[in-house]
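Fold and contact review
Take a look at the letters that make up each chain.
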Amino acid sequence: MAYVKPSEFAVQMIEAGEAKVFMSTKDTLIRAYMAGAILALAAAFAVTIAVNTGNFLVASLLFPVGFCMLYLLGFDLLTGVFTLAPLALLAKRSGVTWGGVLRNWGLVFIGNFAGAMTTAIFMAIIFTMGFSQEPNAVGQKIGVIGETRTVGYAAAGAAGFLTVFIRAVMCNWMVSTGVVAAMMSNTVSGKIMAMWMPILVFFYLGFEHSIVNMFLFPSGIMLGGNFGWFEYLAYNEIPVIVGNLVGGLTFVGGMIYATHFRTSPSRRPVGTVAEPAE
């Protein structure tokens, strides 16, 4: 595992953010579409494992395979560009504007949603034998997930909104740590090892990820969940997107930029020499 120092991958983060701001519309949409579709398939895979084994830890241990696949294929999630694109603006890269950052976020949102919806429709067809039967056990489980994390939050009032927001903040704290962790190594095996742990943590702890939810909740509506599009958008997707933005930009992008790219001068007195590390 060829380790890349934090001061070096901090520069990579800014360059990645700059590249995403200037990426063509076609490439941005295609990469976002594929990222949404693959992550949605990983979510379907994990729910199937949980239902068939009764062990959510096993499902969580295997869910990161989807994230690793889409990252290594160069596809983009909204949670990742929330963290990376603004760094190019903070670093005052030439030509990077808030308009360019917002354009990137908008295109990636559209691509992720279209990809996740494609997988949702395909899996709903599989779970119901082409909508000719009641959903199987996995389909029924997805419907219950959607109910508890929409009308369940709404029933709790302000406390519910606070909970879904904090879960979304912590989610992108972990997911964007996975994105950055992949930059810590120059080898494929090193990138996968670094990405796996934070993605496992987010999934097992039940944090709220806006793209995973673009699959789970529309699937739940198609599979007979007791909630609708308004409940999905108002009580989950919109607050989760805001929480994901805050979590990724604050706890990952902003922190690494502040300390590893804009490192403050050492407090060591002038003329003294640092002792070698033992």
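Preceding block: the structure.
Summarised in this report is the structure supplied together with it. (Residues numbered from 1 in each chain as written. Predicted model: local features only at pLDDT ≥ 70, side-chain atom pairs only at ≥ 80, totals over all residues. Heavy atoms only, no water.)

Right, let's talk about the layout of surface pockets for a bit. Taken as a whole, the largest pocket holds about 360 Å³ of empty space. As for the largest pocket, its lining consists of 18 residues, and the residues nearest its centre are F56, I145, R149, F203 and G206. Those elements that place two or more of their residues in the lining of the largest pocket are α2 (25-53), α7 (137-148), α10 (188-204) and α11 (210-222). Roughly 190 Å³ of volume is contained in the second largest pocket. Together, 16 residues line the second largest pocket, and K20, Y71, F75, D76 and V179 are the ones closest to its centre. For the lining of the second largest pocket, the secondary structure elements donating two or more residues are α1 (6-22), α4 (64-72), α5 (78-90) and α9 (158-181). Looking at which element gives the most residues to the lining of the second largest pocket, the answer is α5, with 4 residues. Split by residue class, the lining of the second largest pocket holds 11 nonpolar, 3 polar and 2 charged. (1 Å grid on protein atoms, 1.4 Å probe; cavity = no way out; pocket = protein on both sides within 12 Å on 5 of 7 lines; lining within 4 Å. Points joined across faces, edges and corners; volume = space filled by probe spheres on them. Helix = DSSP H or I, 4+ residues; strand = E, 2+ residues; numbered from the N terminus. Nonpolar A, V, L, I, M, F, W, Y, C, P; charged D, E, K, R; others polar.)

With respect to the helices, strands and loops of the structure, S185 is situated in the loop between α9 and α10. Among the polar contacts made by the side chain of S185, one reaches the main-chain amide nitrogen of T187 at a distance of 3.1 Å. (Polar contact = N/O pair within 3.5 Å; in protein donor to acceptor, adjacent residues only side chain to side chain.)

For α7, which comprises 12 residues, the first-to-last C-alpha distance of 17 Å matches the rise-based estimate of 16 Å (1.5 Å per residue) to within 8%. Of all the residues in α7, the buried ones are V138, G139, I142, G143, I145 and G146. An end-on view of α7 places all buried positions within 155° of arc, on one side of the element. Contact partners of the buried residues in α7: α2, α6 (98-127) and α11. (Expected span 1.5 Å × (residues − 1). Buried < 20%, exposed > 50% of the residue type's maximum accessible area, 1.4 Å probe, protein only. Arc of directions from axis to C-beta. Contact = heavy atoms within 4.5 Å.)

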